[in-house]
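Close look at the chain arrangement
The chain contents come next:
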Amino acid sequence: MDFTKISALHYRLPSPVRQFIVLLSIIFLIEMLLMAVLPQVTGREVEFKDALVDSMGLVTVAAPFLWAFIVRPLRRTAVAAVFREEVLLRQMVDGVITFGEDGTIRSLNPAAERMFGYRDDEAAGMAIDCLLSADGGYFRFAVQASGGHGTRQLAYELEGIRRDGSRFVADLSVSRIVFEDHRAVIGIVRDITARKRDEQNLLVFKRAIESSVNGITITDATNGENLIIYVNPAFERMTGYAGHEVLGKNPRFLRGDDRDQVELRKLAMALEERREGYFVLRNYRKDGSQFMNELYVAPVRDRDGAVTNYIGIMNDISDQRRYEEQLVYQATHDPLTGLPNRNLLQDRLGQALALESFRRRNPIGVMFLDLDNFKKINDTLGHTVGDMLLKAVANRLRNCVRGGDTVSRLGGDEYILILPNVKEMHDVTTVAKKLLGVFSTPFLLMGHELYITASIGITLFPSDGDTVDALLKNADAAMYHAKEQGKNNYQFYSEEMNTRVFERMALETSLHRAIRQHEFLLCYQPRVDLRTGRISGVEALVRWNHPEMGLVPPARFIPLAEETGLIVPIGEWVLRTACAQNKAWQDAGLPPLRMAVNLSARQFRQENLIQMVADALAETGLDPRWLELELTESLLMERAEQSVSILRSLADMGIDIAVDDFGTGYSSLGYLKRFPITNLKIDQSFIRDIASDPDDAILVRTIITMAHGLGMKTVGEGVESLEQIDFLYRHGCEEVQGYYFSRPLTAEGCEELLREERFLDLRALRDGLPGQRSEERIRALASSADDCRVTA
Ligand SMILES: Nc1nc2c(ncn2[C@@H]2O[C@@H]3COP(=O)(O)O[C@H]4[C@@H](O)[C@H](n5cnc6c(=O)[nH]c(N)nc65)O[C@@H]4COP(=O)(O)O[C@H]3[C@H]2O)c(=O)[nH]1
């Protein structure tokens, strides 16, 4: 390799011969001068002339020494210096290109060779434009470089072109070198593609950080202080602090005085252990407001693994937390009253049981409180009032118990109370009495003064059960017992209550089976027209022929069927069977009579009721005028407005409507007038003492008068004596029904009665109070009929 070609540096190294000659000449000239001047000064011209000759000889003799001891060492030193520079050039990682002012490349150093893919000798003579492309070509910078005086350095960013045509970003520094008569340009080229990419990447990262919705902090961990050196705009938005206000501070200022946080301790530990971590902290904005900071902290390590910085990524999750809390609240609380719901109740009771099983100190009381007749209020006054009442009850119950007790709502009108720390049984009784007492004051809601009572069932852990389910189930059974005991009382759980509940469940199961296996049958109780004494109609009464229990009375299964909804298929069967039976009697040539069929509340609320009745009539072929539907007074009044339209539709079909158990509910005269009612059936509770109790007598008289005033007829129910019949007859009651004339009969028994055209002999009544004979006669008549008496 010709080093002299590499760069312009070799121009600085003078020729050794020239140096040597110059040196000798200088010495000789000095001696000559001395020889010329000294004789003048000393006046000894001859001696000096001889000496001059000697000097010349000496100079000649000294010349090799001069060469050997001065010029050569100097030369060596210089060459070594140049060599060092040349080696430097060769070792340089930057490419060095020398080229003339005409743009012809003179040399490339090895780095430039690697960079451009040309060997030095290949590149020599090529135009610099082939390696470096810039707008306006090489001349722009070459001319600029050579334009000034002395050496100037200029930097450019160009495109480097490799031998294979690929390009890279080149950073070029050019220097113009002028040495003696040599001129050249040195270009130092650096491939800055990676740097440029890094710069771009940095820009992207910076932009990402700046535009991140997460607050980002960078702290300096080198001095152990962890002071903030950067915060992004999201941090400023999140905290309300401007960047300059927090730079140089430790981020812990965000926690304010709220130091007692478990998560803070975890954070401190993570920082101490120099590891990353995730924390949720209560932090405070500049205005003092709190926010939940979901913080992710990660250390940044240098090449040696030492932590230099921490990056903190913050996320304000206050809204999310609120939402989560709301979800948890919704999942654990009753939306209406704000009381704990079944989930939370089970959780709390479970915890109380676990704790008490361990401590075994005091029993836990569980109370099941159910409002009495709440449904009536809901149905008559509407759901708004019902809801208000439930809320008001919740408040009263809450205020009635201690802080550690739980009042929860299971739904509907059922509340459960947990008393976790019962010291004595007496405590539970006191609380139960207190709870019943909160209902002694009426509830004033939307202008209504509501009196309501509650029934409470009580179980105790561990004596009545040791699981949540068992305790709740037994409290429920006890509450049912309280209802059975006349409501508005409390009952402690006992084993036999469960037996009853179990029986109820068994009954429910067998009711399902009864429908499938057609275990129901109908009895018919005749109704007598007091004007003629003849049978004017019959009432269909359902019986359940239970395979083991025998005939089960409706009072034992109708309420359960009503509760479970089974009354709908049962009622439909009753209606069809009764219509079919009536039609069959008519077809058999018996005198036509009215068939009364009971409709339960659930059936009455069925959307397809009208259609169902129409279908039953159509399928059996019974004329609607021989059908009478019986509905209770309370059922009609519960949803009076809806009842009006349903009853009208039924009446329009030609069906008679009777109000059952009249006098037991609270009828509004206004509605009674609007209902298309044919008959009012006076409840047997008023008939029973009609002859002895003046109040009942007045009431019955009033009902009859009122019914007539409204254009309705009356039927006396449960008539058992001639005196009762006499009273009703005298006060204008149109019909009677009761054991006196006939008990409910099987279809065959009833048919026989009809065939025989049995009648009530009214002569005795017309002639005044009946004598012994006539009464006996009538009794005999009644007892001769087939009996459909129930066994249970
Ligand atoms: N102490 C006494 N009782 C008398 C006398 N005369 C009749 N009874 C009884 O009084 C009830 C009259 O029927 P209800 O008021 O409609 O009252 C009925 C009715 O509300 C309901 N029920 C009966 N059958 C059906 C039905 O098919 N569907 C629906 N939804 N309810 C029914 O069950 C209730 C009870 O029916 P039952 O046990 O058959 O009881 C019948 C009947 O046997 C009497 O002189 N003295």
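In this report, the structure presented in the accompanying data block is examined. Fair warning: this is a prediction, and the values are worked out from it, not measured in the lab. (Residues numbered from 1 in each chain as written. Predicted model: local features only at pLDDT ≥ 70, side-chain atom pairs only at ≥ 80, totals over all residues. Heavy atoms only, no water.)

1. Remarks on the site of the ligand
The environment of the ligand is formed by 20 residues, the closest being Gln525, Glu539, Asp660, Glu720 and Tyr739. Glu720 is positioned such that a nitrogen or oxygen atom in its side chain is 2.5 Å from a nitrogen atom of the ligand. At the level of secondary structure, the elements contributing two or more residues to the shell around the ligand comprise strand E20 (535-546) and strand E24 (656-662). With four residues, the top contributor of residues to the shell around the ligand is E20. By residue class, the composition of the shell around the ligand is seven nonpolar, six polar and seven charged. (Near = heavy atom within 4 Å. Polar contact = N/O pair within 3.5 Å; in protein donor to acceptor, adjacent residues only side chain to side chain. Helix = DSSP H or I, 4+ residues; strand = E, 2+ residues; numbered from the N terminus. Nonpolar A, V, L, I, M, F, W, Y, C, P; charged D, E, K, R; others polar.)

2. What about the sheet that holds strand E9 (residues 277-284)?
Here five strands make up an open sheet; going across it, the order is E8-E7-E11-E10-E9 and the pairing antiparallel. Each having just a single partner strand, strand E8 (227-231) and E9 make up the two edges of the open sheet. Averaged over all pairs of adjacent strands, the angle between strand axes in this sheet comes to 30°, irrespective of strand direction. (Pairing = 2+ DSSP bridges. Axes fitted to C-alpha atoms, helices over the stretch in contact; angles between N-to-C directions.)

3. Some details on the pattern of salt bridges
Here the structure, examined in full by the defined rule, presents 40 salt bridges. For Lys206, the salt bridge identified is with Glu210, shortest N-O distance 3.9 Å. A residue pair is termed a helical-turn pair when its members lie 3 or 4 positions apart in one helix, as Lys206 and Glu210 do in helix H7 (residues 193-211) at four residues. Of the charged contacts, one joins Glu735 and Arg527 as a salt bridge, the two residues approaching to 3.4 Å between their closest N and O atoms. Placement of Glu735 in strand E27 (residues 735-736) and of Arg527 in strand E19 (residues 520-529) is noted, with a sequence separation of 208 residues between them. A relative accessible area of 4% means that Glu735 is categorised as buried. (Salt bridge = Lys/Arg side-chain N within 4 Å of Asp/Glu carboxyl O. Buried < 20%, exposed > 50% of the residue type's maximum accessible area, 1.4 Å probe, protein only.)

4. Some points on the nonpolar core
Counting residues in hydrophobic clusters, the biggest one holds 86 residues, and the most contacted among them are Trp585, Leu627 and Leu728. With eight residues, helix H19 (residues 567-587) is the single largest residue contributor to this core. Trp585 has contacts with Tyr524, Val538, Leu590, Leu593, Met595, Ala747, Cys750, Glu751 and Leu754, leaving out every residue within four places of it along the chain. Ranked by size, the runner-up nonpolar core spans 35 residues in total, among them Leu369, Val431, Phe439 and Leu460. (Core = buried A, V, L, I, M, F, W, Y, C linked by side-chain atoms within 4.5 Å. Contact = heavy atoms within 4.5 Å.)

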